[in-house]
Structure formats: C-alpha cells, structure tokens
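Observations on the model geometry
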Amino acid sequence: MSKKCIGVLTSGGDCPGLNAVIRGVVKSSSQLGYDCVGFLRGYEGLHDPVRYLNLTPENTTGILNQGGTILGSTNQGRFAATVGVADRIELDPELLAGVQTTINQLGIEGLICVGGDGSLAVAQQFHEYGIPVVGVPKTIDNDLSATAFTFGFDSAIECATNALDRLHTTAASHERVMVLEVMGRHAGWIALHAGIAGSADVILVPEISWTGENVCHKILNRESQGKRFTLIVVAEGAELPGGGHVAEEQIGAQSRLGGIGQIVAAEIECRLQRETRVAVLGHLQRGGAPTTFDRVLATQYGAHAVRLILEGKFGEMACYEPPEISSVPIAKAVNHLRQVDRNGSAVQAARALGVSFGDCKADESPLAFRSDTEEVATATDIEVDADLTLDIAEAATEEALS
Ligand code: F6P
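One numbering rule holds for all chains: residues counted from 1, following each sequence as written. Under the rules for a predicted model, residues below a pLDDT of 70 receive no local features and side-chain atom pairs below 80 are neither given nor counted, while totals for whole chains, interfaces and linings still include all residues.

**Some details on the overall build of the protein chain**
- When you go through the protein chain residue by residue, the secondary structure sums to eleven helices and 13 strands.
- For every residue, the other C-beta atoms within 10 Å of its own C-beta are counted; 20 or more classify it as buried, 12 or fewer as exposed, and values in between as partly exposed. C-beta atoms are placed from the backbone. Across the 402 residues of the protein chain, 51% fall into the buried class.
- Of the contacts made within the protein chain by residues no fewer than 6 positions apart, 74% connect residues no fewer than 24 positions apart. What counts as a helix is a DSSP run of H or I of at least four residues, what counts as a strand is a run of E of at least two, and both are numbered from the N terminus. In this description, a residue-residue contact is defined by the distance between C-beta atoms placed from the backbone, which must lie within 7 Å.

**As for the site of the ligand**
- The local shell around the ligand holds 13 residues, among which Gly-13, Asp-141, Met-183, Arg-185 and Leu-257 are the closest.
- Throughout, the ten residues Ala, Val, Leu, Ile, Met, Phe, Trp, Tyr, Cys and Pro are labelled nonpolar, Asp, Glu, Lys and Arg are labelled charged, and all others, Gly among them, are labelled polar. Along the lines of polarity and charge, the residues of the shell around the ligand split into three nonpolar, five polar and five charged.
- Both domains that meet at the shell around the ligand, namely domain 1 (5-151 + 290-333) and domain 2 (156-286 + 341-352), each give it at least three residues. We call a residue near a molecule or strand if the C-beta atom, set from the backbone, is within 6 Å of it. Segmentation into domains, and thus their bounds, comes from an automatic or database assignment.

**Notes on the sheet that holds strand β7 (residues 202-204)**
- Strands were regarded as paired on the criterion that DSSP finds at least two bridges between them. Within the open sheet, the four strands sit side by side as β7-β8-β6-β11. Their pairing is parallel. Since the sheet does not close on itself, it has two edges, and those belong to β7 and β11 (276-280), each with one partner. Strand-to-strand twist across the sheet, computed as the mean angle between neighbouring axes with direction ignored, equals 20°.
- Across three bridges, the pairing between β7 and strand β8 (residues 230-235) is parallel. By the bridge assignment, Ile-203 is partnered in β8 with Val-233.
- The angle between two axes is taken between their N-to-C directions and runs from 0 to 180 degrees, where each axis is a line fitted to C-alpha atoms and a helix contributes only its stretch in contact. Across the sheet, helix α5 (residues 189-197) touches β6 (177-182), β7 and β8, and the angle it forms with β8 is around 160°.

**Notes on the packing of helix α4 (residues 153-174) against α5**
- Direction vectors running N to C along α4 and α5 enclose 50°, while the axes themselves pass 8 Å from each other. Taken together, α4 and α5 sit at an angle that is classed as oblique. Once α4 is placed against α5, the crossing between them reads as right-handed. Taken together, the residues of α5 that come into contact with α4 (itself represented by Phe-153, Ala-156, Ile-157, Ala-160, Thr-161 and Leu-164) are Trp-189, Ile-190, His-193, Ala-194 and Ala-197.
- Residue composition of the contact of α4 with α5, by class: nine nonpolar, two polar and no charged. Here the word oblique covers every angle except those under 35 degrees (roughly parallel), over 145 (roughly antiparallel) and from 65 to 115 (roughly perpendicular). Crossing handedness: left-handed means the near helix sits turned counterclockwise from the far one by under a right angle, and right-handed means the same turn made clockwise.

**Comments concerning the pairing of strand β5 (residues 133-137)**
- Among the five residues in β5, five count as buried, and that is most of the element.
- Residues Val-133, Gly-135 and Pro-137 of β5 are buried on one face, and the alternating residues Val-134 and Val-136, pointing to the opposite face, are buried as well.
- Across five bridges, strand β4 (residues 108-115) lies against β5 in parallel orientation. Pairing of Cys-113 across the sheet is with Gly-135, part of β5.
- We call a crossover right-handed when, viewed with the strands running away from us, the connection from the first strand over the helix to the second turns clockwise. Read as a crossover between parallel neighbours, the route from β4 over helix α3 (residues 117-129) to β5 is right-handed.

**Structural notes on the confidence of the model for the protein chain**
- On average, residues of the protein chain score 90 in pLDDT, and 88% of them are at 70 or above.
- Looking at any residue, its pLDDT shows the predictor's confidence there, from 0 to 100. Confidence over residues 368-390 falls short of pLDDT 50; this stretch has 31 contacts with residues more than four positions distant or in other chains.

**What to know about the nonpolar core**
- If you look at the biggest cluster of nonpolar residues, it comprises 109 residues, and the most contacted ones within it are Ile-190, Ala-191 and Ile-203.
- With nine residues, α4 is the largest single contributor of residues to this core.
- Residue assignment places this core across two domains, with domain 1 (5-151 + 290-333) and domain 2 (156-286 + 341-352) each supplying three or more.
- In this structure Ile-203 touches Ala-191, Leu-192, Gly-195, Val-233, Ala-350, Val-355 and Phe-357, once residues within four positions along its chain are discounted. Joining buried Ala, Val, Leu, Ile, Met, Phe, Trp, Tyr and Cys residues through C-beta atoms within 7 Å gives a set, and that set is a nonpolar core.

**Quick notes on the environment of Arg-185**
- Within the element layout of this structure, Arg-185 appears in the loop between β6 and α5.
- In the structure, Arg-185 is positioned 72 residues away from Leu-257 in sequence and 6.9 Å away in space, judged by C-alpha atoms.
- For Arg-185, the contacting residues outside a window of four places in its chain are Asp-141, Asp-143, Gly-237 and Leu-257.

**As for the environment of Val-182**
- Relative to the elements of secondary structure, Val-182 occurs in strand β6.
- Between the C-alpha atoms of Val-182 and Gly-282, which are 100 residues apart in sequence, the distance is 6.5 Å.
- Setting aside chain neighbours within four positions, we find Val-182 in contact with Ala-160, Ile-190, Ala-191, Ala-194, Val-233, Ala-235, Glu-236, Leu-281 and Gln-285.

**As for unusual backbone geometry**
- Note the cis peptide between Asp-48 and Pro-49, where omega equals 0°.
- If you trace the backbone, Pro-49 turns up in the loop between β2 (35-39) and β3 (52-55).
- The omega torsion across Pro-322 and Pro-323 is 5°, close enough to zero to call that bond cis.
- Mapped onto the fold, Pro-323 is located in the loop between β12 (316-321) and β13 (324-329).
- Phi is positive for Asn-142, which is not a glycine, with a value near 55°.
- Within the secondary structure, Asn-142 sits in the loop between β5 and α4.
- Although it is not a glycine, Gln-273 sits at a positive phi angle of roughly 55°.

**With respect to helix α1 (residues 18-31)**
- Taking 1.5 Å per residue as the helical rise, α1 with its 14 residues ought to reach 20 Å, and the 20 Å between its terminal C-alpha atoms agrees with that figure.
- Burial runs high along α1: twelve of the 14 residues are buried.
- Within α1 the residues assigned to the buried category are Leu-18, Asn-19, Ala-20, Val-21, Ile-22, Arg-23, Gly-24, Val-25, Val-26, Lys-27, Ser-28 and Ser-29.
- Here the buried face of α1 lies against β1 (5-10), β2, β3, β4, β5 and α8 (292-310).
- After α1 finishes, the residue Gly-33 shows a positive phi value of roughly 85°. Expected span of a helix, by definition, is 1.5 Å for each gap between consecutive residues, and there is one gap fewer than residues.

Have a look at this one:
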C-alpha cells in the first residue's frame, strides 16, 4: 500500500517565510511517515494541467532562509475569483470538481493552503465543497483577523525600518523632508510598526484621517525646535484627505495601490516650499530572507498545519495567539480585515513620543507629554487652503491612471 500523502501550495503575493513553511510541512510530515507533494503556481497547479513536485526532506533542505517560494505563486488566474473578504465570488463548480479529482487521484489526505485573505477565502470554498483543506496565514500586510501575526510581516517591517534608518541620515544631511511609501493595502500595520522602529516623525495610515495642514504643522513644529528635517512614512492605502485612494492601476474589482507618497510630498512642497523627496519601497518589502521571527513563526505554522490534518481539523487555519500556536476556522479569519486600532497601545505610544498621525496639530496631540514650561511653536501661521489637498490628489490620481 502506498504511503499517505499531504499536499501543500503557496498562493497570492509572495513573502519571506513561504519556504520555511514548506520545509516545516515536509519535515514534520515525513517524521510521521507521510509523503508530500507541492502544487505549482498556487491553486493553478491543482487542475488542468495538474502540476506538482514530490517534496522530500532532501530536496527541501537549505530553503529555510530563502525568500520567495520554490513552488511559485500567483494572485491572478482562475482561482483569484475571491478578491477580498467582502467580495466573495463563487468558484466555478467544474473547477472545484477538478480539484477534488486531483486530490482523490493523488491520495491526498489533506491540502495545506498558505495564503492571505483572498487565498484563504478560496480555501474556505474548498472546505465547503468537501475538499480536505487547512490554512496557514501569510501576508506582509498583517491584516488577517484571528491571528496576532501573519508570517512575512516581520520581514517587511525590518525592510521598511532599514529604509527609514537610511533615509534618516540623508534627510538630516540635506535638511530635507523625506517621505517613505510602504505597502499594506487597507491596513496601516507596516507603516505603524516601521514608523515606530525607524523613528518617523509622521505616520500616515488608512485608519486615521490626516490633513496636509497637520502634516505641515509637524514639520514647522520640528523646525522651531531646530530640527530641520522630517521623516514621514505613509501607507499605500492611506486615504486622501478628501476621501478615496491613490491607485496605479485597476485590475478587475481590485485596485493596485500606489502613488500617495508623491501626493504627500507635492502638498508639502506646495504649502511650505520645503525640498521633499519620496522613496517607494514596493516589492523590496516582499523579497529577501525571512527574519528570525518569521522563520520561527513559519516553521511552527507548517508543523501545526500537518498536525491539524492528522487531527482531522479541516477548514481550520493555524494561528498565533501568543504565546501559543493554535487554530481557528478559516471562515473566522477571512470574514473581516484586521486594521490598526487608532486607540491601540502602539498608536498611543507613538503619540506619547510626539509622532504625528496627521490628524491634529503637532502641539495638540491628545497624548503628547509636554512640560508646561517648554515652548513649542504652534505654527499657526500656515495658510490653509481646504481645496488644495483635493486638487493635488485628483491631478496625481488622474496622471497615475492615464
Ligand atoms: O498583500 C500584499 C501586497 O504586497 C500588498 O501590500 C500590496 O498592495 C500588494 O500585495 C501588491 O500586489 P502585487 O504584487 O500584485 O503588485
């Protein structure tokens, strides 16, 4: 009789730690006497044509610290029907039947789907169809509910923090304002954590409304303290003051976010005539080796996913509830986006240190600790043009989409 088999695939945008999960799955299932197959290009490899690799401890050795995924991944194609948590589109029943056939023919006892909200929403549809799946939460955005951390996030903030450290020194040398645009889609976790770790002066996130006026107040406030440079980190999904997002491209129902950094910079130059430069970190945040934290988390997720299959806990997703790895129904993880709590401790700590979120004037921060004797310029002399922000934003969005 042939050995029992476990399947694994990596789906959606890649991130550091995917190979660490694969290695964790292969090594731990091998210890238990299972064979392992890895489907290629995410869900695409499951059907028409079926494409997979036999994975062994030997051919997955040395991949723990490698970025990317040896199995390949895609966030497009026939299985990208579910574009977000709120936008479920049913998968083609013929596709589901094809996947079921593959699972049966290969004798797969359980399929491990490693992905973010869109990919796990597909896994949920598999589960409802009767295909034996378990999930592993992956995304640099850290926006999946029901887990404290997704793997990939720590590596992304390490990258963004490093970028802020580098921008810090050149900003100081040239007395410039530097804007760093980071990823994260509609959650501000990367901007918030990297902003704190990289000592940004202003952090703009989707969860907190900001104005150009308030950002400029912070810059002037710093100047009044003799600090002639300012470091700003902005999340790609931060909303424009007049509402809406800045998108580079519209792909189906989903927009590829990007370009807000230029708008923030243009606004500062317009209002204050300060030299302002922009760096867009982009996919650098998704490449390279996983951090130590992500290697440990991804390895635990891989081993735990195998355990879920052994226990017959299909439809569950491995999750991290510090200090333990456990599991929750996939449906619970994908039913809403986990965003930054604007009153949460990380935001409060940043505010306490004087970081501006652009939602109030620098000297009006709700939690800024200032001594009564300290003189802080209020920068009330800024001319405010309420329509300016919107005009610049609209022009830039039109240009980006044209
Ligand atoms: O979800 C991960 C992520 O990197 C987002 O932060 C970003 O908006 C998006 O994927 C970019 O996707 P793509 O690689 O398709 O440009």
